[in-house]
Amino acid sequence: MDAGGTGNGTRSQVAVSARATPARGAGWVLRAAAAADLEELVDLRATVMRPDLERLGRYDEHRVRQRLRDAFSPRHTSIVMVEGELVGCVAVRPAEGRHWLEHFYLAPRQQGRGLGSAVLRTVLERTDAQGLTVSLNVLQGSSARRLYERHGFVVEAQDPIDVFMVRPPTAKASTAAKA
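Rules used throughout
- Residues numbered from 1 in each chain as written.
- Predicted model: local features only at pLDDT ≥ 70, side-chain atom pairs only at ≥ 80, totals over all residues.
- Heavy atoms only, no water.
- Helix = DSSP H or I, 4+ residues; strand = E, 2+ residues; numbered from the N terminus.
- Buried < 20%, exposed > 50% of the residue type's maximum accessible area, 1.4 Å probe, protein only.
- Contact = heavy atoms within 4.5 Å.
- Expected span 1.5 Å × (residues − 1).
- Arc of directions from axis to C-beta.
- Salt bridge = Lys/Arg side-chain N within 4 Å of Asp/Glu carboxyl O.
- Core = buried A, V, L, I, M, F, W, Y, C linked by side-chain atoms within 4.5 Å.
- Phe/Tyr/Trp six-rings, centres within 6.5 Å; stacked < 30°, edge-to-face > 60°.
- Pairing = 2+ DSSP bridges.
- Right-handed = clockwise from strand over helix to strand, strands pointing away.

A. Examining the environment of Leu53 more closely. Within the secondary structure, Leu53 is located in helix 2 (residues 38–55). On the basis of relative accessible area, Leu53 is assigned to the buried category, the value being 10%. Excluding its chain neighbours within four sequence positions, the residues that come into contact with Leu53 are Arg58, Tyr59, Val64 and Leu139.

B. Expanded view of helix 4 (residues 115–129). The terminal C-alpha atoms of helix 4, which comprises 15 residues, lie 21 Å apart, in line with the 21 Å expected from a rise of 1.5 Å per residue. Of all 15 residues in helix 4, twelve are buried, a share of seventy percent or more. Phi turns positive one or two residues past the end of helix 4, at Gly131, with a value near 70 degrees.

C. Quick peek at helix 3 (residues 61–71). Three or more residues of helix 3 are buried, namely Val64, Arg65, Leu68 and Ala71. Viewed along the axis of helix 3, the buried residues span an arc of 140 degrees, placing them on a single side of the element. Along helix 3, the residues that are exposed and aim more than 90 degrees away from the buried face are His62 and Asp70. For helix 3, the secondary structure elements touched by its buried residues are helix 2 and strand 5 (98–106).

D. Region of the structure containing the pattern of salt bridges. Following the criterion strictly, the structure yields twelve salt bridges and no others. In this structure, Glu54 and Arg50 form a salt bridge, with 2.7 Å as the shortest nitrogen-oxygen distance. A residue pair is termed a helical-turn pair when its members lie 3 or 4 positions apart in one helix, as Glu54 and Arg50 do in helix 2 at four residues. Assessed through its relative accessible area of 35%, Arg50 is described here as partly exposed. Glu85 is the salt-bridge partner of Arg109, the closest N and O atoms lying 2.2 Å from each other. Highlighted residues: Arg109 in the loop between strand 5 and helix 4 and Glu85 in strand 4 (residues 85–95), separated in sequence by 24 residues. On the basis of relative accessibility, which here comes to 47%, the residue Arg109 falls in the partly exposed class. Ionic contacts of the salt-bridge type, sharing partners, join the residues Asp43, Arg50, Glu54, Glu61 and Arg65 into one network.

E. Spotlight on the nonpolar core. With 25 residues, the main nonpolar core has Leu101, Phe104, Leu115, Val119 and Tyr148 as its most contacted residues. Looking at this core, the element that brings in the most residues is helix 4, giving six residues. The next biggest cluster of nonpolar side chains, apart from the first, holds 21 residues, and it includes Ala33, Leu38, Leu53 and Tyr105.

F. Region of the structure containing the environment of Arg75. Tracing the backbone shows Arg75 in the loop between helix 3 and strand 3 (77–82). Given a relative accessible area of 32%, Arg75 falls into the partly exposed group. Distance from Arg75 to Ala33, taken between C-alpha atoms, is 7.0 Å for residues 42 residues apart in sequence.

G. Inspection of the packing of aromatic side chains at higher detail. Across all of its chains, the model carries one aromatic pair by this definition. Seen in terms of ring centroids, Tyr148 and Phe153 are 5.8 Å apart; in terms of plane orientation they differ by 70 degrees. Their pairing is edge-to-face. An identical accessibility class is assigned to Tyr148 and Phe153; each is buried.

H. Focus on unusual backbone geometry. Its identity is not glycine, yet Glu83 carries a phi of approximately 50 degrees, on the positive side. Turning to its location among the elements, Glu83 is positioned in the loop between strand 3 and strand 4. Given the relative accessible area of 78%, Glu83 is considered exposed.

I. The pairing of strand 5, seen in detail. Judged by how many residues are buried, strand 5 sits mostly within the fold: eight of nine residues are covered. As paired elements, strand 4 and strand 5 share seven bridges and run antiparallel to each other. Among the inter-strand pairings, Ala95 is bridged to a residue of strand 5, identified as Arg98. As consecutive antiparallel partners, strand 4 and strand 5 are separated by two residues, and within that stretch Glu96 has a phi angle of approximately 55 degrees, a positive value. Pairing of strand 5 with strand 6 (residues 134–139) involves two bridges; the strand directions are parallel. The residue of strand 6 that forms the bridge with Trp100 is Ser135. For the crossover from strand 5 across helix 4 to strand 6, the handedness is right-handed.

Dropping the structure here:
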């Protein structure tokens, strides 16, 4: 989920769309991220990533937090809110001729209830409408990989730590975008 790096200085049209019309679902909403969200997101990332990083022998209390501090881009990030509470985030950042889905974290108590699928579906509808290819990386052995596969991501490359996945826009959305 964490491709690292920072934005390239251009505003993502996907992120702009998230700000113009908040996505709403059954009890949840996406809102624009703000600099003031950073430390709460840093703690959320450490909580969510810890089990997989420990399993891989790579958990470092400082590094897991610092990586998000170094890469956080409010202009590319949306906050997942449930009943007025911050419960997650997702970033879509343009780079390398595609868009990178990054920093997609949900509080553990919100996982396994369909919220991740709903948020991902909303993000992918926006990228599909623009004809954008989306890439991401997920840790080896992470249960999040199944979520991404269900939404059309396929493995592009992998190493002992990360699985890099890609999803071209759906044919229906690509056809509509060209019309």
